[in-house]
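# Working through the structure, step by step
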Amino acid sequence: MATSAHAPRRRLVSHETYELVFSTVYAGLATNLLVVVACLPLVVLAMTTDPTASWPALALLAPFCTPALVAAFGVFRAITADGSAQVVRTFWRGYRQHWRRSVALGALSTALVVVLAVDVRAVWGHAVGAVAIPVFVTLIVLTLVASLVATASLADHPTARLGDLLRASLFAGVRRWYLTLPALLVLAMLGSVVAARPAVGLGLALAPLLFVAWGGARYALHSTLGTVPAQAAVSR
């Protein structure tokens, strides 16, 4: 029996798959751009100066980038719940809504890390450093863990007191260390990529690596509390 020469061909990739890929790439690139714009003073200073010499100014600017991270995490949350969520509107809404608490969280975390790092430098090379430095480094890691978990979960708990959220985040970060330590390593990888190739780090790798860190840190808190949030619809 002869077959029709004009039989329709089946598509290897469905239209829905194209839309999913396009929306995911768009969300990543748009989030990259929004974070860079929101952190532009810090980015410009870091790219145009020697960080070892300009670290005091970088430390002063760092807390004002925390709202951008919280807003980016809010975008990830919205897209995970609803793939059609509007990235730009979601980002700036989260940025405005959580700005004050985010800056307070960033300022507290940055101050603790700076003080501990200065203490490490002060005792470096002294006999007391053999005992003090491991303690200071451990406190730095605990501060970073608690700050990361709190930042990733801030949008999920808009009415929680910041101190309560930090205590819960510290407990969860230590208890779920197998989630939070890899998340910190991912952020360290992001920092190394940005330092080596700023265009690649800020233009391509930023959103994917932040997404990985956000997922691990957020799940660490909610799984510890036993209240993993359902992926409810997020208003657009």
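Scroll up a little and you will see the structure.
Right, let's walk through the structure included here. (Residues numbered from 1 in each chain as written. Predicted model: local features only at pLDDT ≥ 70, side-chain atom pairs only at ≥ 80, totals over all residues. Heavy atoms only, no water.)

### A look at the overall build of the protein chain
How we decide: Numbering of helices and strands runs from the N terminus, with a helix taken as a DSSP run of H or I at least four residues long and a strand as a DSSP run of E at least two residues long. Under the scheme applied here, a residue whose accessible area is under 20% of the maximum for its type counts as buried, over 50% as exposed, and between as partly exposed, the area being computed with a 1.4 Å probe on protein chains only. For the accessible areas, the method is Shrake-Rupley and the probe is 1.4 Å, while residue cover comes only from the protein chains on display.
The number of helices and strands found in the protein chain is 10 helices and 0 strands. Its helices and strands in sequence order give the protein chain the pattern α-α-α-α-α-α-α-α-α-α, from N to C terminus. Taken across its 236 residues, the protein chain has 40% of its residues classed as buried. Of the accessible surface of the protein chain, which amounts to about 13800 Å², a share of 70% is contributed by carbon and sulfur atoms.

### Quick notes on the nonpolar core
Let me state the cut-off plainly: Buried Ala, Val, Leu, Ile, Met, Phe, Trp, Tyr and Cys residues that are joined via side-chain atoms within 4.5 Å together make up what is termed a nonpolar core. Residue contacts follow a heavy-atom distance rule, with two residues in contact if any of their heavy atoms lie within 4.5 Å.
F91 and L190 are the most contacted members of the largest nonpolar core, which totals 44 residues. Contributions of two or more residues to this core are made by helix 1 (15-38), helix 4 (66-81), helix 5 (87-97), helix 7 (129-153), helix 8 (162-175), helix 9 (177-196) and helix 10 (198-225). Among the elements that take part in this core, helix 10 stands out by supplying 10 residues, more than any other. The residues touching L190, leaving out its near neighbours within four places in the chain, are G201, A205, L206, L209 and L210. Membership of the second largest hydrophobic core comes to 7 residues, among which are L116, V120, V123 and I133.

### Digging into the packing of aromatic side chains
This is how it is decided: In this analysis, rings of Phe, Tyr and Trp, with Trp reduced to its six-membered ring, are considered paired at centre separations within 6.5 Å, and the interplanar angle assigns stacked below 30 degrees, edge-to-face beyond 60, and tilted for intermediate values.
Scanning all chains against the criterion turns up 9 aromatic pairs. Here F64 and W99 contribute two aromatic rings whose centre-to-centre distance is 6.4 Å and whose plane-to-plane angle is 35 degrees, an arrangement assigned as tilted. One end of the pair, F64, is in the loop between helix 3 (51-61) and helix 4; the other, W99, is in helix 6 (residues 99-123), with 35 residues separating them in the sequence. For the pair F91 and Y95, a centre-to-centre distance of 6.3 Å together with 20 degrees between the ring planes defines the contact as stacked. Here F91 and its partner Y95 are both found in helix 5, 4 residues apart, which amounts to about one turn of the helix. Neither residue differs from the other here; F91 and Y95 are each classed as buried.

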